[in-house]
Amino acid sequence: MRLILMGPPGAGKGTQAKFVADHFGVPAISTGDIFRANVSQGTPLGVEAKRYMDAGEYVPDEVTNLMVRNRIDEPDAAPGFLLDGYPRTLAQVEELDGMIGHTGHSLDAVVVITADKDELVQRLLARAQTEGRADDTEEVIRRRQEIYLSETEPLIAVYKERGLVHEIDGMGEVEEVTKRIFEALDAVSQS
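Within each chain, residue numbers correspond to sequence positions counted from 1 in written order. Residues qualify for local features only when their pLDDT is at least 70, as the model is predicted, and side-chain atom pairs are given and counted only at 80 or more; totals for whole chains, interfaces and linings, by contrast, use all residues. Values reported for side chains reflect all heavy atoms of the structure, with hydrogen atoms and water molecules removed beforehand.

> Honestly, the side chain of Asp-108 in this entry has me stumped. Any pointers?
Each helix corresponds to a stretch of at least 4 residues labelled H or I by DSSP, and each strand to a stretch of at least 2 residues labelled E; elements are numbered beginning at the N terminus. Examined against the element boundaries, Asp-108 turns out to sit in the loop between helix H5 (90-102) and strand S4 (109-114). Summary of buried charges: Asp-108 has no salt-bridge partner, and the nearest side chain of opposite charge, Arg-2, is 4.3 Å away. A polar atom in the side chain of Asp-108 sits 2.7 Å from the backbone nitrogen of Arg-2. By definition, residues are in contact when any of their heavy atoms lie within 4.5 Å. In this view, Asp-108 contacts Met-1, Arg-2, Leu-164, Val-188, Ser-189, Gln-190 and Ser-191; residues no more than four positions away in its chain are not counted. We call a residue buried when its accessible area falls under 20% of the maximum for its residue type, exposed when it is over 50%, and partly exposed in between, using a 1.4 Å probe and counting protein chains only. Positive charge is attributed to Lys and Arg, negative charge to Asp and Glu, and no charge count is given to His or to the chain ends. The rule for a salt bridge is simple: a side-chain nitrogen of Lys or Arg has to be within 4 Å of a carboxyl oxygen of Asp or Glu. By the criterion applied in these results, polar contacts are pairs of N or O atoms within 3.5 Å in which, for protein atoms, one can donate a hydrogen and the other can accept it, and in which residues neighboring in sequence qualify only through two side-chain atoms.

> Please explain the nonpolar core as it appears in this structure.
Nonpolar side chains in soluble globular proteins tend to be buried together. Ile-4, Met-6, Leu-83, Leu-96, Val-110 and Tyr-159 are the most contacted members of the largest nonpolar core, which has 29 residues in total. Elements with a contribution of two residues or more to this core: strand S1 (2-6), helix H2 (31-41), helix H3 (44-54), helix H4 (61-72), strand S3 (81-84), H5, S4 and helix H7 (138-161). Setting aside chain neighbours within four positions, we find Ile-4 in contact with Leu-83, Tyr-86, Pro-87, Leu-96, Leu-107, Ala-109, Val-110, Val-111 and Tyr-159. Grouped together as the second largest cluster of nonpolar side chains are 21 residues, Leu-3, Ala-11, Val-111 and Val-177 included. Among the buried residues, those of types Ala, Val, Leu, Ile, Met, Phe, Trp, Tyr and Cys that are joined through side-chain atoms within 4.5 Å form a nonpolar core.

> Just to check I follow, could you spell out the pattern of salt bridges for this structure?
One side chain can pair with another of opposite charge once the charged atoms of both are near each other. In the structure shown here, the tally under the stated rule is 13 salt bridges. Note that Lys-18 and Asp-22 form a salt bridge whose closest N and O atoms lie 3.0 Å from each other. In this pair, Lys-18 and Asp-22 are both assigned in helix H1 (residues 13-24), 4 residues apart and thus about one turn of the helix distant. With respect to class, Lys-18 is no different from Asp-22; both count as exposed. Linked by salt bridges that have partners in common, Arg-71, Glu-74 and Asp-76 make up one network.

> I would appreciate a short explanation of the sheet that holds S1 in the present structure.
Within a sheet, each strand pairs with its neighbour through backbone hydrogen bonds, oriented either parallel or antiparallel. If you walk across this open sheet you meet the 5 strands as S2-S3-S1-S4-S5, and the pairing is parallel. Each of the sheet's edge strands pairs with one partner strand only, and the pair in question is strand S2 (28-30) and strand S5 (165-169). Adjacent strand axes in the sheet meet at a mean angle of 25° when their direction is disregarded. Working convention: axes come from line fits to C-alpha atoms, limited for helices to the stretch in contact. Angles between N-to-C directions cover 0 to 180 degrees. Against the sheet, H2 engages S2 and S3, with an angle of about 70° to S2. Strands were regarded as paired on the criterion that DSSP finds at least two bridges between them.

Below, the structure written as structure tokens:
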């Protein structure tokens, strides 16, 4: 199974990624984890990414694309993978198509976890208090939601045109959401 997991901040992507990846026996690949691994290992891509991250800038597509390509070329990703946080741009959608096409496969599904905006704000504010994230104010959280919508909606539209999108209600208990995701994905034929 080759799939992408999308959803606004606080929708539970990180939580669900582990369950879904375990269910299908594929690695959950988060761009944040890839960045941290490359930086901590001091790889040439990690050194380059760190320059941008230290300056508070986005890591350019070329660097991100190479990191993702290297990661999905690892042996554990041969039977498939779950991507969380990639692609983020239309150019990355095309790049990912090429990466997967190179293996003779195609993307099987895109899971979009949906949730009520105000509920997500409350979730993230509660998490910020619990984890001591003073910078996660309501204003910052709502701004992240706006960025997600403006940057991600075009990608969802592309994948909807391809018939790959499965919108999953992210409200309710974790187990309920996981069950909804499994029900949708268990009907998907894998490439």
